[in-house]
Amino acid sequence: MIDSVTYELSVDDMVSLSDDQMRRSKALRRQARGAIVGTTAVVVLGIGTAFTLALQRLGVFHIVFIAVFTTIFLFLLWRATLHSRRNSVRKLFAEGKNLLMIGPHRVDLHEGYLTSSSPVAQSHFRWDVVEAIERTDAHVFIYVSSLAAIVIPLAAFASPDEADAFNAQARRCLDGNRTSQTDLSAPPPWASCDADPPAD
């Protein structure tokens, strides 16, 4: 059983979190699609109008050209949107030290909660506030809200089997502690927590 992992977080890991948030958030995808479709519609309308004014009518060739152009433009615009989003995340992290997010981290899985530690902070989360555990080709994301997640690079594990074991243990803890309502009046289960943060 693997119930703890120590690792380094980089800006690239936070960019990957941003990508995963885009993938799983319906609101973010709708917003991105709306901007892309709106921009594409304006461009295609402009091309169609130009053809119509120049040729007085649109032939089959022009319609096919516009369809192919629209498909390529949509693809390139989507890629550009993702690239711009990633660059924005990198620029945000370049504005400060971000010691709370970048650098050494450790995650410990306990029966009633999990702990995320760094040299500058330590946070505890009841399992029943965890909204999802997502695994990609390079990371495990433990979402503690729709906007925030504990980021764990798979490179932190000695082998894929070790990563699988940690992921399975996290899911077992989550499934075993799901409740319909969090009892905020109960004493925190980490009162006697003895997990030490990773050394700087």
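Each remark here, short or long, concerns the structure printed above.
Computed from a predicted model, the values in this text were never measured in an experiment.

Enquirer: If you had to explain the overall build of the chain to someone new, which residues and values would you point to?
Expert: When you go through the chain residue by residue, the secondary structure sums to four helices and seven strands. The buried share among the 200 residues of the chain stands at 33%. A separation of at least 24 residues holds for 61% of the contacts in the chain among residues at least 6 apart in sequence. Total accessible area computed for the chain in this model is approximately 12,000 Å², and 58% of it derives from carbon and sulfur atoms.

Enquirer: Pulling in residues and values, what's your account of the nonpolar core?
Expert: In terms of nonpolar packing, the biggest core is built from 31 residues, with Val 107, Trp 127 and Ile 152 touching the most fellow members. Elements supplying a minimum of two residues to this core: strand 1 (4-9), helix 1 (11-24), helix 3 (60-94), strand 2 (103-109), strand 5 (132-135), strand 6 (139-143), strand 7 (149-153) and helix 4 (160-176). Broken down by element, the residue count for this core peaks at five residues, all from helix 4.

Enquirer: Just give me the short version of the sheet that holds strand 3 (residues 113-118), but keep the residues and values in it.
Expert: One open sheet holds the four strands; their spatial order is 1-2-3-4, and the pairing between them is antiparallel. The open sheet has two free edges, formed respectively by strand 1 and strand 4 (121-126), since each of these has just one partner strand. Going from strand to strand, the sheet's axes swing by 15 degrees on average, the running direction of each strand aside. Pairing of strand 2 with strand 3, which is carried by four bridges, proceeds in the antiparallel orientation. Bridging across to strand 3, Arg 106 finds its partner in Ser 117. Its contacts with the sheet place helix 4 against strand 1 and strand 2, and it is angled at close to 55 degrees to strand 2.

Enquirer: Please give an account of the packing of aromatic side chains that cites residues and values.
Expert: All told, the structure shown has two aromatic pairs when counted by the stated rule. Note on Phe 157 and Phe 166: the rings are 5.3 Å apart at their centroids and 50 degrees apart in plane angle, and the pair reads as tilted. Judged by its relative accessible area of 0%, Phe 166 falls in the buried class.

Enquirer: Describe helix 4, listing the residues and the values that go with them.
Expert: Helix length check: helix 4, at 17 residues, gives a terminal C-alpha distance of 24 Å against a target of 24 Å (1.5 Å per residue), a fit within 8%. Buried residues of helix 4: Ala 163, Phe 166, Asn 167, Gln 169, Ala 170, Cys 173 and Leu 174, and no others. Angular distribution of buried residues about the axis of helix 4 spans 160 degrees; they occupy a single face of the element. Counted as exposed and oriented over 90 degrees from the buried face of helix 4: Pro 160, Asp 161, Arg 172, Asp 175 and Gly 176. On its buried side, helix 4 packs onto strand 1, strand 2, strand 5, strand 6 and strand 7.

Enquirer: How would you summarise the environment of His 124 if you had to cite specific residues and measurements?
Expert: With respect to the helices, strands and loops of the structure, His 124 is situated in strand 4. Judged by relative accessible area, which is 22%, His 124 ranks as partly exposed. Here the side chain of His 124 touches Thr 115 through a polar contact of 3.1 Å, side chain to side chain.

Rules used in this analysis
- Residues numbered from 1 in each chain as written.
- Predicted model: local features only at pLDDT ≥ 70, side-chain atom pairs only at ≥ 80, totals over all residues.
- Heavy atoms only, no water.
- Helix = DSSP H or I, 4+ residues; strand = E, 2+ residues; numbered from the N terminus.
- Buried < 20%, exposed > 50% of the residue type's maximum accessible area, 1.4 Å probe, protein only.
- Contact = heavy atoms within 4.5 Å.
- Areas by Shrake-Rupley, 256 points an atom, 1.4 Å probe, with all protein chains shown as cover.
- Core = buried A, V, L, I, M, F, W, Y, C linked by side-chain atoms within 4.5 Å.
- Pairing = 2+ DSSP bridges.
- Axes fitted to C-alpha atoms, helices over the stretch in contact; angles between N-to-C directions.
- Phe/Tyr/Trp six-rings, centres within 6.5 Å; stacked < 30°, edge-to-face > 60°.
- Expected span 1.5 Å × (residues − 1).
- Arc of directions from axis to C-beta.
- Polar contact = N/O pair within 3.5 Å; in protein donor to acceptor, adjacent residues only side chain to side chain.

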